[in-house]
Amino acid sequence: MTNFNRRNFLGSTATVAAASSTLGAGALSFAPAAQAQTMSFKPEKGAKLRVLRWSRFVQGDIDAYMANVKKFTDATGVEVRVDNEGWEDVRPKAAVAANTGAGPDIILSTNDDANLYPEKLLDVTDLCEYLGKKYGGFYPAAQTYLKPDGKKWIGVPLGAAGAMMVYRQSMLKAAGFDSFPKDTDGFLRMAKALKEKGTPVGFALGNATGDGLWCNWLIWAFGGKLVDKDNKVVIDSPETIKALEYAKELYNYMIPGTLSWLDPNNNKAFLDGQISVTNNGISIYYATKNSPDPKVRELNPDVYHANYPIGPVGVATESHLFFNQMIMKYTKYPQAAKEFLRFMMEKEQFDPWLTAAGGYIAQPLAAYEKTAIWTSDPKHTPYRDCVKNMRPAGYAGKLGYASAGAGADFIVVNMVAEAASGSKTPKEAAERAQKRAERYYKV
Amino acid sequence: MTTPLLEKLQNSRNVLGLIFMLPAAVLLLLFLTYPLGLGVWLGFTDAKVGRPGEWIGIENYIFLAGDSVTQLALFNTLFYTTIASAVKFFLGLWLALLLNKNIRFKSFFRAIILLPYIVPTALSAIAFWWIFDSQFSIISWGLVKMGFIDKYIDFLGDPWNARFSTIVANIWRGVPFVAITLLAGLQTISPSYYEASAIDGATPWQQFYHVTLPLLTPIIAVVMTFSVLFTFTDFQLIYVITRGGPLNATHLMATLSFQRAISGGALGEGAAISIAMVPFLLAAIMFSYFGLQRRAWQQGGDDK
């Protein structure tokens, strides 16, 4: 029944997104947990909001986002201005805004940004508790990021841009694999077989901000981690060494040149048919659907996605780009800002937005697992659980300047690259990473 | 009562001079002295992006001195600057000498040689990124097709290859500046010197060594100072082509400073890296100032 309702609803919103001023706060009959009361904040008189967000990865994202913004303005009369910046530029801008106490009222930022200046952010505990209750709860990683002390929410989770294993079915078949391996042992065997068939795998080992995150997965999969839960650096461990030895073997099966790879390289190599497997957002698949190049479109039926294999630790250890929504404490219109975020996170808005984003973004709230985008094309499904399977970048420690700095300095990526390429032994690479990380985590 | 004073001021050369200099002084103070001073100050603090820092003395510098990535970046920067500047100088001088000759389509060649300098750095960097790509390099492709090699060259994936590849990109971009400026210098040399030396029976090599070079030295000093400064502080090429990889083999001081200060949020440490570049830059300026602008030598005398 819910299914029928949702489809119904999706069809109608798509066509009349702009004209739905009646869908203001209150009229919520499609919510999965309809028994939950709709919370609503009363915007201040004459309130105006400025939102700074990272620029879209796909056009559908911003189109749907702006349609929702317009709906909000129509419903509440609150004018909202949305500025876009490249996601890597949002961090310094947000930090300066937090420090100087002037700037956008709401900032959509990434990873541990909110943990850098939690005291500058508006407490949104009431809003998050309401959303969590209504939509099946926030996933643990979202809570680690934005409810750092386990009680107070410093921002509203928006979701994550996930990276998954992207592979060519025909090449896997040719190498003797009918499906993508579920564990790291199988994964290594598959890489070896693919290499022997002349269709190697490829993973970025350069200073790639996004696609380098697979290194986190690898270390965590073997039980290694940069810091323990007391922020003590423990990267130089037998578990890490095991992971690095694994990386070293895997490197033999990779296409040459991965040490130089930045974020776009694996997309290019994959779409050119040079590699059989890589880690990436849904953009490769998206390109095979929409590219003007017929040769790229030909790949479409052969491109599949899989979750990252599980390592010896026995649980998923994925690493993705996480998105926050922060209300700055200095805002003159806290109620309007909260109402805006509430509005955007409600099913009527969030569902079409997720769908329009084409699978690039995965939800932070469990109820949105049912959003049509995840099943409309079965190849989207692996991206659905990004936030669910994710660990925060600074796992297993507390997030803040140390985790942000260590991440930006590519400590883990460099360590894996050093060991994989053989420029250092796994032990040396781990020791060096330990030394570099200790500096960030001293305090 | 006040009019005579105002009139007096308006007629005073000194006061007027000061007033006319004021806009320039304000600009310099605002956009040069203040940022530099702030940078020096930040280098002594533990400031983070968005959080004012506390004075921590030279702790940043002590850490950086022992930090293997910073040491590598310093080595990379010195290596990059030395090789690139030297090649740019010889290539630039050679081009300038060629263009100074009476060749056909002289103005055409003079214009075309400026092209690399006109193209925005980020664009030429992207072009080089493709040229050096590990999978799509045109150079590798060409060599493979011609049968010289059987697998693609790992231009940016091997530390030394990457260093030389980025140096090549820098040279390509920097040569026009050196060549055109030296060409301007060559044209200030009066032909009568060459005539006189020719009458004395000087060979072209002797003419170059005893006439061209000494008279060109002041220009060379200026050009090379700028060239070294630009190269030492290069950022865009590296940031686009390698982001400092592979294994930090191409990280320069400038890119590392950005990575630590902006992406990593450690403003104080990033500032310290930037400030650590200043002594090297000063040394380069001093060298050209005192080393190359020796009047005695320029006028054909011996060094004292």
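Check the entry above for the structure.
This write-up is about the structure you can find in this document. (Residues numbered from 1 in each chain as written. Chains lettered and ligands numbered in written order. Predicted model: local features only at pLDDT ≥ 70, side-chain atom pairs only at ≥ 80, totals over all residues. Heavy atoms only, no water.)

### Considerations on the overall build of chain A
Note the threshold: Counting from the N terminus, the helices are the DSSP runs of H or I reaching at least four residues and the strands are the DSSP runs of E reaching at least two. All radius of gyration figures rest on C-alpha atoms, and the globule criterion is 2.2 Å times the number of residues raised to 0.38. Burial classes follow relative accessibility: with a 1.4 Å probe on protein chains only, a residue under 20% of its type's maximum area counts as buried, one over 50% as exposed, and anything between as partly exposed. Positive charges are assigned to Lys and Arg, negative charges to Asp and Glu, while His and the chain termini are left out of the count. Note that the charge is assigned to NZ on lysines, CZ on arginines, CG on aspartates and CD on glutamates.
Secondary structure assignment for chain A yields 19 helices and nine strands. For chain A, the C-alpha radius of gyration of 22 Å lies close to 22 Å, the compact-globule estimate for 443 residues. Counting only C-alpha atoms and orienting by the principal axes, one finds that chain A spans roughly 65 × 55 × 35 Å. Of all 443 residues assigned to chain A, the portion counted as buried reaches 61%. When the 53 positive and 46 negative side-chain charges of chain A are each reduced to one mean point, those points stand 2 Å apart.

### Quick look at the packing of helix α8 (residues 214-221) of chain A against helix α9 (residues 238-252) of chain A
Residues and elements named next belong to chain A. Test applied: For helices, the fitted axis covers only the stretch in contact; all axes are lines through C-alpha atoms, and the angles between them, taken along N-to-C directions, range from 0 to 180 degrees. When describing relative orientation, an angle under 35 degrees is termed roughly parallel and one over 145 degrees roughly antiparallel, while 65 to 115 degrees is termed roughly perpendicular and anything else oblique. The hand of a helix crossing depends on one turn: near helix anticlockwise from the far one by less than a right angle means left-handed, and clockwise means right-handed. The contact rule is simple, with two residues in contact once any of their heavy atoms fall within 4.5 Å.
Viewed as axis vectors pointing N to C, α8 and α9 meet at an angle of 125°, and their least axial separation amounts to 8 Å. Taken together, α8 and α9 sit at an angle that is classed as oblique. Classified by chirality, the crossing of α9 by α8 is right-handed. Between α8, through W214, L218 and I219, and α9, the contact on the second element is made entirely by T240, A243, L244, Y246, A247 and L250.

### Thoughts on the interface of chain A and chain B
Put simply, the rule is: Put simply, buried area is the surface a 1.4 Å probe can reach on two separate parts but cannot reach once they are joined, added for both. Salt bridges are counted wherever a side-chain nitrogen of Lys or Arg sits within 4 Å of a carboxyl oxygen of Asp or Glu. Between N or O atoms, a polar contact is any pair within 3.5 Å; within protein, one atom must be a potential hydrogen donor and the other a potential acceptor, and residues adjacent in sequence are included only when both atoms are from side chains. Three categories are distinguished: nonpolar for Ala, Val, Leu, Ile, Met, Phe, Trp, Tyr, Cys and Pro, charged for Asp, Glu, Lys and Arg, and polar for the others, with Gly belonging to the last.
Taken together, the contacts link 38 residues of chain A with 36 residues of chain B. Roughly 3000 Å² of surface becomes buried between chain A and chain B when both sides are summed, with 52% attributable to carbon and sulfur atoms. When the buried area of chain A at its contact with chain B is split by residue, K268, Y401 and R439 of chain A rank highest and sum to 23% of it. A salt bridge links E88 of chain A to R243 of chain B, with the nearest nitrogen and oxygen atoms 3.2 Å apart. On inspection of chain A and its partner chain B, the count reaches 17 residue pairs in polar contact (both at pLDDT 80 or more). Those elements that place two or more of their residues in the side of chain A that touches chain B are α3 (87-100), α10 (265-271), α17 (401-408), α18 (411-421) and α19 (426-440) of chain A. Here the side of chain A that touches chain B takes six residues from α3 of chain A, the largest share from any one element. When grouped by side-chain class, the residues that make up the side of chain A that touches chain B number 16 nonpolar, 11 polar and 11 charged.

### As for a nonpolar patch on the surface
Residues and elements named next belong to chain B. Applicable threshold: Like charges within 9 Å and nonpolar side chains (Val, Leu, Ile, Met, Phe, Trp, Tyr) within 5 Å are joined into patches, using only residues over 30% in relative accessible area that form no salt bridge. Every accessible area reported is derived by Shrake-Rupley at a probe size of 1.4 Å, with residue values counting cover from the shown protein chains alone.
Among the surface-exposed residues, I103, F105, F108, F109, I112, L115, Y117, I118, V222, F226 and F230 lie close enough to one another that they form a single nonpolar patch of about 1100 Å² accessible area. Looking at the nonpolar patch, the elements with two or more residues in it are α5 (106-112), α6 (115-118) and α11 (204-232). Take I112: it is sitting in helix α5.

### A few points about the packing of aromatic side chains
As a reminder, the rule being used: In this analysis, rings of Phe, Tyr and Trp, with Trp reduced to its six-membered ring, are considered paired at centre separations within 6.5 Å, and the interplanar angle assigns stacked below 30 degrees, edge-to-face beyond 60, and tilted for intermediate values.
For the structure shown, the criterion picks out 45 aromatic pairs over all chains. Measuring from centroid to centroid gives 5.1 Å for Y135 of chain A and Y368 of chain A, while their planes differ by 20°, and the two rings are stacked. A residue pair is termed long-range when its members are at least 10 positions apart, and Y135 of chain A in the loop between α4 (125-134) and α5 (140-146) and Y368 of chain A in the loop between β9 (361-362) and α15 (373-376) qualify at 233 residues. Here Y135 of chain A matches Y368 of chain A in class, with each residue buried. With centroids separated by 5.1 Å and ring planes inclined at 15°, the aromatic side chains of F235 of chain B and Y239 of chain B adopt a geometry described as stacked. Residue Y239 of chain B is classed as partly exposed on the basis of its relative accessible area of 24%. Grouping aromatic residues by their ring pairs yields a cluster made of Y167, F180, F187, F203, W214, W217, Y304 and Y308 of chain A.

### Notes on the sheet that holds strand β5 (residues 164-168) of chain A
Residues and elements named next belong to chain A. Put simply, the rule reads: At least two DSSP bridges between two strands are required for those strands to pair.
On the basis of which strands lie adjacent, the open sheet formed by three strands has the order β6-β5-β7 and antiparallel pairing. In this open sheet, the two strands that pair with only one neighbour each are β6 (277-280) and β7 (303-306). The mean angle between the axes of side-by-side strands here comes to 35°, regardless of whether they run parallel or antiparallel. Two elements, β5 and β6, share four bridges in a ladder whose sense is antiparallel. Pairing of Y167 across the sheet is with V277, part of β6.

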